[in-house]
Amino acid sequence: MDDLQAIILGIVEGITEFLPISSTGHLMVTSSLMGIAEDSFTKAFTVAIQLGAILAVVVLYWKRFFKSFSFYYKLFVAFLPAGILGFLLIKQIDNMLGNVMVVVWTFFIGGIILLFVDKWFRNTENSPDREIKYSNAFTIGLFQAISMIPGVSRSAATIVGGLTQKLNRKSAVEFSFFLAVPTMFVATAFKLFQYYKQGNGFHGQEVGLLLIGNVVAFGVAMLAIKFFITYLQKHGFRVFGIYRIIAAIVIYLLHRNGVQFVL
């Protein structure tokens, strides 16, 4: 991996982490098309640059993180389902990461769902902001657990989960952002722990690549979050559904023509 590739992956992470289009799937496709070798550092890099995206949420919404302790309790409750299942099913999840057809199908099915989300939850569009209860948080957490399947999109799953709890679009999206912080931090820490446990480390150029990737992911994520909130208020989810369906078809055709996708 070189500096330009690290920048491109940082851009992809920053754009896709909080949009309902799956960062994992896009990083898989992007790294494969650039011919980046599938090694332990590449896998660690694609996880570690999530820290830059996490920081974007903390910076943009820093006041919310100092509002009350109940805010953290609710995030913890929402985190539990994915945290427990992720620990129990880590091997199965890693196996699915190596199957490009899983990503194709999750992209496609997720796209179909997003085509109809605006219609299904039309009655919540103009509803006022309301306090999220612990039962709401746990239910959203169950939806997040689904996103452990590569290509589902953590953002898409948790936003739809929030809408099922009668949150308006803005509230559902923002809670999805907040929930990303503990979820992605724990997932990143666990992956890096595994990386070091295997006897690996970051040296010389690798440290520079990680710094570049995180800085770029942070800056791009800041812009993506602001864009997403504004766009959704005016247009809804349909365009993301169309994009996911097209992406699924393109990935499938590339796979059929011999392109090897790895992550």
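Here's what I pulled together on the structure shown here.

Cut-offs and rules
Residues numbered from 1 in each chain as written. Predicted model: local features only at pLDDT ≥ 70, side-chain atom pairs only at ≥ 80, totals over all residues. Heavy atoms only, no water. Helix = DSSP H or I, 4+ residues; strand = E, 2+ residues; numbered from the N terminus. Expected span 1.5 Å × (residues − 1). Buried < 20%, exposed > 50% of the residue type's maximum accessible area, 1.4 Å probe, protein only. Contact = heavy atoms within 4.5 Å. Phe/Tyr/Trp six-rings, centres within 6.5 Å; stacked < 30°, edge-to-face > 60°. Lys NZ or Arg CZ within 6 Å of the ring centre and 35° of its normal.

## Looking at helix H11 (residues 205-235)
Three or four residues apart is the spacing at which side chains of an α-helix point the same way, because the helix has 3.6 residues per turn. Across its 31 residues, H11 extends 43 Å between first and last C-alpha, which sits within 8% of the 45 Å expected from 1.5 Å per residue. Note on H11: the residue one or two positions beyond its end, Gly236, has a positive phi of about 85°.

## Remarks on unusual backbone geometry
Positive phi, close to 80°, is recorded for Ser22, a residue that is not glycine. Locating Ser22 in the fold gives a position in the loop between helix H1 (3-16) and helix H2 (23-33). Owing to a relative accessible area of 3%, Ser22 belongs among the buried residues under this scheme. The backbone of Lys166 shows a phi angle near 65°, a positive value even though the residue is not glycine. Looking at where Lys166 falls in the secondary structure, it is placed in the loop between helix H9 (154-164) and helix H10 (169-197). With relative accessibility at 62%, the residue Lys166 sits in the exposed group.

## Some words on H9
Most of H9 is tucked away: 10 of the 11 residues are buried. Within H9 the residues assigned to the buried category are Arg154, Ser155, Ala156, Ala157, Thr158, Ile159, Val160, Gly161, Gly162 and Leu163. At its buried positions, H9 is contacted by helix H7 (100-120), helix H8 (134-146), H10 and H11. At the C-terminal side of H9, Lys166 shows a positive phi close to 65°.

## Here's the deal with the packing of aromatic side chains
This structure, assessed with the given rule, holds 16 aromatic pairs. Between Phe177 and Phe228 the ring centres are 6.4 Å apart and the planes differ by 50°, which places this aromatic pair in the tilted class. Pair noted here: Phe177 is in helix H10 and Phe228 is in helix H11, with a separation of 51 residues, a long-range link. An identical accessibility class is assigned to Phe177 and Phe228; each is buried. Arranged with centres 5.8 Å apart and planes meeting at 80°, the rings of Tyr195 and Tyr196 form a pair that is edge-to-face. By relative accessible area, which is 45% here, Tyr196 ends up partly exposed. Among the aromatic side chains, those forming a connected cluster through ring pairs are Phe18, Tyr61, Phe65, Phe71, Tyr72, Phe177, Phe178, Phe227, Phe228, Tyr231 and Phe240. Of note, Lys74 hangs over the ring of Tyr134, and the distance from its end group to the ring centre comes to 5.7 Å. For Arg244, the ring lying beneath its charged end belongs to Phe107, and the centroid distance is 5.2 Å.

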